[in-house]
Amino acid sequence: MSYTNSKPAVQKWHEMIKTRDMGILSELLADDVVFRSPVAFKPYEGKQVVYFILTNVIQVFENFTYHREFFTEDEQSVVLEFSAIVSEKQLKGIDMIRFNEQGQIVEFEVMIRPKQGLEALAVQMAERFAKYQPA
């Protein structure tokens, strides 16, 4: 099976990052999307929470740039290599994204290095999560 909608979806993803039009993200996420964070043990499940995470992380990253992308042979998955700055800490990472046949994201996993950059991101995201979680 070939996932012909994945490459157009990745192009929409790049457009969203460039324009910061988060309405595109809502179209790209499947209802049952799963997000695997580099700082959380348990994955986050569902469109609403993943939308929250991704719209906030784009605000936390400074000088965010994608460098390379690698598709699997069947084009169901892509790995996007990126760099960014968080709280004056430089980091590099990858987004591993898997799509369904409609070109929607069903799985999104992030890996980041070095540890100092990951810790800076964790602090920033924890502050944002705390604002939106009931006490």
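In what follows, the structure referred to is the one given above.
One structure accompanies this document, and this report is about it. Please read these numbers as outputs of a predicted model, since none were measured by experiment.

## So, the environment of Thr 19
Next, step 1: Along the chain, Thr 19 turns up in helix H1 (residues 6–19).
Next, step 2: Taking the C-alpha atoms as reference, Thr 19 lies 24 Å from Val 34; in sequence the two are 15 residues apart.

## Regarding the pairing of strand S5 (residues 89–99)
Next, step 1: In this sheet, S5 lies alongside strand S4 (residues 77–86) in antiparallel orientation, the contact comprising 10 bridges. Note on S5: the bridge partner recorded for Val 86 is Lys 89.
Next, step 2: The hairpin formed by S4 and S5 contains 2 residues between the paired strands, and Ser 87 there has a positive phi angle of roughly 50°.
Next, step 3: One ladder, built from 8 bridges, connects S5 with strand S6 (residues 105–113); its direction is antiparallel. Counted as the bridge partner of Met 96 is Glu 109 from S6.

Rules used in this analysis
- Residues numbered from 1 in each chain as written.
- Predicted model: local features only at pLDDT ≥ 70, side-chain atom pairs only at ≥ 80, totals over all residues.
- Heavy atoms only, no water.
- Helix = DSSP H or I, 4+ residues; strand = E, 2+ residues; numbered from the N terminus.
- Pairing = 2+ DSSP bridges.

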